[in-house]
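Below, each chain spelled out in residue letters.
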Amino acid sequence: MQGTASNNAPDYRVITPHFMIGAVVILLAVILLFFNPDSLTSHFFNAHLLALTHLVSLGWITMIIFGALYQLIPVILETRLFSETMAIISLLLLITGTILMTSSFWYFNFGFPLLAGGSIILFSVILFVANLLGTSLQSEKNTIEKKFIVTSSIWLLLTCMAGLTLAFNFTFPFLSQSHLDLLKIHAHAGLVGWFIQLIIGVGSKLLPMFMVAHGMKITPLKIAYPAINSGLIIALISEFFVFQAGVITGIILTLIGILSFLFFLVDAYRLRVRKNLDPGMKQSAIAFFALLIPIVLILLIFAKQKLHTNFITIYGFILITGFITSLILGQTYKTLPFIIWLKEYRGKMGKSKIPLPKDLYTDASVLWQTWLFTGGFIIVATGVMLLQNLLIQAGAGFMISGLIIYNFNIFKIIFHKSKN
Amino acid sequence: MKTFGSENEDRIYLLLKGVIDPELMVNIIDLGLVYEIFFDEKNQAITIRMTLTSPECPMGEAIQEDVMQRIKTDYENYDIKIDLVWEPQWSTSFMSDEAKKQLG
């Protein structure tokens with residue numbers, strides 16, 4: 001067999017624990033939301049919302065991204081993963097750190113457990129970033145996707161360092177800025193610098209591949225990279241020094257970058273040969289529509305400074321749940337079944353009739369998952385807007401139903417065994 | 001039916017119609033991934049010059065393995081090789097109408 005990207009994939013046992021833990025964590029997080037709907041209707045700086053946000057950001061989103069990247073980076077960069085051992089140690093540290101940090105927030109205990117949790121997560125992230133940089137240095141490819149992915153990992157490191165600084169500041173105050181301003185800096189370094197930029201890096205390579213789209217112009221991506229990074233740096237530094245004009249300039253630059261990426265995606269969608277989107281891609285399409293809401297909301301929040309704080313909660317909720325979580329839920333079906341299928345059927349192809357990766361789950365179950373989860377998050381967002389706890393609980397109920405299907409599918413796929 | 005020349009090359013062509021891209025669920029002949037089939041009866045060698053939809057195709061290895069196994073079923077004693085090339089670069093224009101129809 002000649003050298004192809006798929007030859008570089010790491011052992012599946014490095015990848016699958018991330019998916020299993022992530023799936024359980026997001027289900028657990030929404031169950032906690034169901035029993036604590038006021039976490040979304042109180043001021044956003046409350047113990048339960050801090051705990052839930054970190055549980056979802058670290059235990060679900062970052063967990064799945066780590067796992068998926070260990071599989072995708074060797075494919076995209078056409079080289080082997082620098083170290084599988086580092087990946088496993090990073091996973092163990094991420095689990096421990098997330099448990100400590102989340103429980104500290106939940107009980108509003110900003111002492112030693114929070115500092116320990118934050119430090120352990122920082123070590124986990126350092127290992128991840130070193131692994132990513134080590135892998136990237138092995139590769140001669142120098143593409144725009146690589147720039148996005150590597151830079152996003154640096155933003156993750158900065159996010160964690162800023163978070164740990166905040167945690168120290170809670171216990172031993174030394175910064176004059178308000179916690180809320182510092183929290184915004186920490187949150188946006190993570191949401192935009194890490195999550196969105198990573199999604200752009202991976203998505204600009206994979207989404208056109210899944211849609212069988214060729215011939216897109218990459219100019220929008222070349223605009224997006226400097227726009228997002230310079231915009232984010234300007235916005236965050238200005239926020240730190242309470243310089244409003246700088247914040248707005250930074251936000252506009254960042255939005256230009258994000259919109260450029262969306263323009264690239266629309267171009268790929270227009271040029272696609274594969275007209276029928278499979279269920280995983282349908283949920284991903286919903287995610288990109290959902291991204292438009294926080295884009296409008298951030299402008300509204302800055303245009304009308306006196307908006308109720310629940311607008312900020314809705315902004316964060318839709319960004320994390322409607323966009324990032326929906327995208328991960330959909331894209332799981334574009335990665336995990338292929339990993340397991342290759343593990344089970346490598347060496348058996350062409351010899352006997354074997355199932356296809358899509359046969360490891362049913363399309364109907366993914367569609368149910370998509371509609372239940374999407375309906376649920378819309379109802380929750382409405383509940384937050386109207387400050388109605390009952391609506392939030394109803395929406396969370398739908399989301400839980402969708403996530404139970406997701407969990408069922410994840411475990412069914414991972415434990416799939418070939419009959420031969 | 002598109003032909004590659006000799007009877008054996010056409011037979012291999014038909015065998016390769018059974019190789020399905022696991023992501024797109026379309027066979028590699030209709031996708032236009034197979035550029036040439038070389039059948040050397042004298043030296044009992046078969047070479048398939050082919051490409052993938054992208055160098056980063058995560059299913060590349062699986063597709064190549066399937067190609068080898070399919071040909072082996074009818075040509076057990078032959079030396080089978082895959083010459084994976086990136087020139088000409090695959091484009092959607094290489095796909096047959098049937099493939100485009102299957103993709104919607």
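As the structure is a prediction and not an experimental result, all values here were calculated from the model.

A few points about the overall build of chain B
- Each helix and strand in chain B was counted, giving four helices and three strands.
- Along chain B, helices (α) and strands (β) appear in the sequence α-α-β-β-α-β-α when read from the amino end.
- At 13 Å, chain B has a C-alpha radius of gyration in line with the 13 Å of a compact globule built from 104 residues.
- In terms of overall dimensions, chain B has C-alpha extents of about 40 × 30 × 25 Å along its principal axes.
- Intrachain contacts of chain B at a sequence separation of at least 6 include 62% that bridge at least 24 residues.

A few points about the domain arrangement of chain A
Residues and elements named next belong to chain A.
- According to the domain assignment, chain A contains domain 1 (1-141), domain 2 (176-273) and domain 3 (275-420).
- Placing a centre on the C-alpha atoms of domain 1 and another on those of domain 2 gives a separation of 21 Å.
- Each partner contributes to the interface: domain 1 provides six residues, whereas domain 2 provides eight residues.

A closer look at the nonpolar core
- If you look at the biggest cluster of nonpolar residues, it comprises 158 residues, and the most contacted ones within it are A:Ala29 and A:Val380.
- Excluding residues that lie within four positions of it along the chain, A:Ala29 makes contacts with A:Leu52, A:Leu55, A:Val56 and A:Trp60.

Describing helix α4 (residues 84-106) of chain A
- Counted at 1.5 Å a residue, the expected span for α4(A) with its 23 residues is 33 Å, and the 33 Å between its end C-alpha atoms agrees.
- In the segment just after α4(A), A:Phe108 is the residue with positive phi, at about 50°.

Examining the confidence of the model for chain B
- Mean pLDDT over chain B: 88, with 95% of residues reaching 70 or higher.
- Here the predicted complex carries an ipTM of 0.81, next to a pTM of 0.91.

Overview of the packing of helix α8 (residues 219-240) of chain A against helix α9 (residues 244-271) of chain A
Residue and element names in this part refer to chain A.
- At a minimum axis separation of 7 Å, α8 and α9 run at an interaxial angle of 155°. Here α9 runs roughly antiparallel to α8, going by the angle between their axes. Here the hand of the crossing between α8 and α9 comes out left-handed.

Description of the interface of chain A and chain B
- Listed by partner, the interface residues are 26 residues for chain A and 28 residues for chain B.
- Only α3 (47-77), α7 (179-211) and α11 (310-345) of chain A provide two or more residues apiece to the side of chain A that touches chain B.
- Considering every element that reaches the side of chain A that touches chain B, the biggest residue donor is α11(A), with three residues.
- The residue makeup of the side of chain A that touches chain B, split by class, is 13 nonpolar, seven polar and six charged.

Describing the environment of A:Ala9
Residues and elements named next belong to chain A.
- Structurally, the position occupied by Ala9 is in the segment before α1 (12-35).
- On a C-alpha basis, the gap between Ala9 and Ile73 in space is 8.6 Å, while along the polypeptide they are 64 residues apart.
- Not counting the four nearest positions on each side in its chain, Ala9 is found in contact with Gln71, Pro74 and Val75.

How each quantity is defined
- Residues numbered from 1 in each chain as written.
- Chains lettered and ligands numbered in written order.
- Predicted model: local features only at pLDDT ≥ 70, side-chain atom pairs only at ≥ 80, totals over all residues.
- Helix = DSSP H or I, 4+ residues; strand = E, 2+ residues; numbered from the N terminus.
- Rg over C-alpha atoms; globule rule 2.2 N^0.38 Å.
- Contact = placed C-beta atoms within 7 Å.
- Domains from an automatic or database assignment.
- Core = buried A, V, L, I, M, F, W, Y, C linked by C-beta atoms within 7 Å.
- Buried ≥ 20, exposed ≤ 12 C-beta atoms within 10 Å, placed from the backbone.
- Expected span 1.5 Å × (residues − 1).
- pLDDT = per-residue confidence, 0-100.
- Axes fitted to C-alpha atoms, helices over the stretch in contact; angles between N-to-C directions.
- Parallel < 35°, antiparallel > 145°, perpendicular 65-115°, else oblique.
- Left-handed = near helix turned anticlockwise from the far one by under 90°.
- Nonpolar A, V, L, I, M, F, W, Y, C, P; charged D, E, K, R; others polar.

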